[in-house]
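Report on the structure
Chain residues, written in single-letter form:
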Amino acid sequence: MAAQEKPDVSGSSNVSRSARRIGACRLTNAREADKARAGRDRTPVMTFVSGRDALAPTFPAAPDSPPVEWLVADGLTDYPTALAFMENRAAAIRAGAAAECVWLVEHPALYTAGTSSRPGDLIDRRFPVFETGRGGQHTYHGPGQRVAYAMLDLRRRRQDVRAYVAALEAWLIATLAAFNVRGERREDRVGVWVRRPDKPRGAGGAMAEDKIAAIGVRLRQWVAFHGVALNVEPDLSHFSGIVPCGVAVAHYGVTSLADLGLPATMHDADIALRAAFEQTFGPTISA
């Protein structure tokens, strides 16, 4: 059974080497953008501290656990298919019949509504809307955004939802670091944010910030599913149909690697995601 296979050590090494190459490139236009922003913004950098920063940066499984199966879907995956896959796989994990799994997909343009969603946050129903049992509010999925569905057994790891969310954030922050992007947590906002000194400030001079990655999870008998979404090169105008994650503040927006001047491919993002996942959660094996 796949769950009994040994970790793909050579594959993991290749992932790490590829991720280092991504980091080494640093993409010249991103460097130039950093220089331009530095020239415009002389304000001292503020340090933001989140309570989740104090939690352990890794979330490993028990020593006897098999590696996490790593799958990448081709093309676009419709949302009902993704939801059915997650439900079935999570049930199999709970029953001890399947290994943990991370599944990378792209969706056609759609909105999902989490358990805390407010009807007024759906501004324009331009795309299909799916009610979902994950935590959080409204979010957008579509081409150019990498969704990573993580089906993990917290009974083998740590039965602590807050620590798990912090580990998902750490995974995304490490992924962004491969592209020389500094992602950060915020105490009052789940997800990963980047500072935008090149954008207009908010009331009182607060620096503009954009969300680059979203998190939404659901747990059933300590098996987690749903996961994270990283904006690689989506159409950012599609987010205007909702109040993303319920955050309606003028100087808080959304961004992507492409919007930050980083022409990364989805394959580049996948390499970085896998390397960072292994740092945070442990070994993977291609399935």
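Look a little higher up for the structure.
Just so it is clear, the model here is predicted, and its values are computed rather than measured. (Residues numbered from 1 in each chain as written. Predicted model: local features only at pLDDT ≥ 70, side-chain atom pairs only at ≥ 80, totals over all residues. Heavy atoms only, no water.)

So, about the overall build of the protein chain. Across its full length, the protein chain holds 5 helices and 12 strands. Taking all 287 residues of the protein chain together, the buried fraction comes to 51%. Restricting to contacts in the protein chain with at least 6 residues of sequence separation, those with at least 24 account for 74%. A total accessible area of about 12700 Å² is found for the protein chain, and carbon and sulfur atoms account for 55% of it. (Helix = DSSP H or I, 4+ residues; strand = E, 2+ residues; numbered from the N terminus. Buried < 20%, exposed > 50% of the residue type's maximum accessible area, 1.4 Å probe, protein only. Contact = heavy atoms within 4.5 Å. Areas by Shrake-Rupley, 256 points an atom, 1.4 Å probe, with all protein chains shown as cover.)

Closest axis-to-axis distance for the helix H4 (residues 161–177)/helix H5 (residues 266–281) pair is 8 Å, and the angle between their directions is 140°. The orientation of H4 with respect to H5, classified from their angle, is oblique. Of the two elements, H4 crosses H5, and the hand of that crossing is right-handed. Where H4 approaches H5, its residues Tyr164, Ala167, Leu168, Ala170, Trp171, Leu172, Ala174 and Thr175 are matched on the opposing element by Ala272, Leu273, Ala276, Phe277, Gln279, Thr280 and Phe281. (Axes fitted to C-alpha atoms, helices over the stretch in contact; angles between N-to-C directions. Parallel < 35°, antiparallel > 145°, perpendicular 65-115°, else oblique. Left-handed = near helix turned anticlockwise from the far one by under 90°.)

We now examine the sheet that holds strand S4 (residues 129–131). Taken together, the 3 strands give an open sheet; going across it, the order is S4-S3-S5, and neighbouring strands pair in mixed fashion. Strands with a single pairing partner mark the edges of an open sheet, and in this sheet they are S4 and strand S5 (138–141). Each adjacent strand pair in this sheet contributes to an overall mean axis angle of 25°, direction not counted. With 3 bridges connecting them, strand S3 (residues 110–113) and S4 associate as parallel partners. The residue of S4 that forms the bridge with Ala113 is Glu131. (Pairing = 2+ DSSP bridges.)

So, about the nonpolar core. Counting 43 residues, the largest nonpolar core has Val102, Tyr164, Trp171, Ile212, Leu257 and Phe281 as its most contacted members. At the level of secondary structure, the elements contributing two or more residues to this core comprise strand S1 (68–76), strand S2 (101–106), strand S6 (145–153), H4, strand S8 (189–195), strand S9 (209–220), strand S10 (223–231) and H5. Of all the elements, H4 adds the most residues to this core, at 9 residues. Dropping the residues within four chain positions of it, Leu257 is found in contact with Leu176, Phe179, Val181, Ile212, Asn231, Val232, Leu262 and Ala264. By size, the runner-up hydrophobic cluster in this structure holds 17 residues, among which are Ile93, Trp103, Val147 and Met151. (Core = buried A, V, L, I, M, F, W, Y, C linked by side-chain atoms within 4.5 Å.)

Of note, Asp270 is situated in helix H5. By relative accessible area, which is 11% here, Asp270 ends up buried.

Where two aromatic rings form a pair, the distance of their centres and the angle of their planes describe that pair. Inspection of the entire model under this criterion finds 15 aromatic pairs. On the basis of an interplanar angle of 75° and a centroid distance of 5.1 Å, the ring pair of Trp171 and Phe277 is categorised as edge-to-face. Here Phe277 lies in helix H5 and Trp171 lies in helix H4, a separation of 106 residues in the sequence. This pair shows no difference in class: Trp171 is buried, exactly as Phe277 is. (Phe/Tyr/Trp six-rings, centres within 6.5 Å; stacked < 30°, edge-to-face > 60°.)

We now examine the side chain of Glu100. Tracing the chain through its elements places Glu100 in the loop between helix H3 (79–94) and S2. Within the local environment of Glu100, its side chain forms a polar contact with the backbone nitrogen of Asp153, the two atoms lying 2.6 Å apart. With residues up to four places along the chain from it excluded, the contact list for Glu100 reads Ala61, Val68, Glu69, Arg89, Ile93, Met151, Leu152, Asp153 and Arg157. (Polar contact = N/O pair within 3.5 Å; in protein donor to acceptor, adjacent residues only side chain to side chain.)

Glancing now at the environment of Ala269. Residue placement: Ala269 occurs in helix H5. In this structure the C-alpha to C-alpha distance between Ala269 and Leu257, which are 12 residues apart in sequence, comes to 9.4 Å. In this view, Ala269 contacts Phe179, Leu230 and Val232; residues no more than four positions away in its chain are not counted.

So, about the pattern of salt bridges. Scanning the model with the defined rule gives 18 salt bridges in all. Between Arg118 and Asp121 there is a salt bridge whose closest N-O contact spans 3.2 Å. The class of Asp121 is buried, set by a relative accessible area of 8%. Across the pair Arg146 and Asp270 runs a salt bridge, and its minimum N-O distance is 2.8 Å. Here the residue Arg146 occupies a position in strand S6, and Asp270 occupies one in helix H5, the gap between them amounting to 124 residues. (Salt bridge = Lys/Arg side-chain N within 4 Å of Asp/Glu carboxyl O.)

Considering the arrangement of structural elements, one finds Lys211 in strand S9. Look at Lys211 and you get buried, because its relative accessible area is 8%.

None of this, on its own, says anything about what the molecule does.
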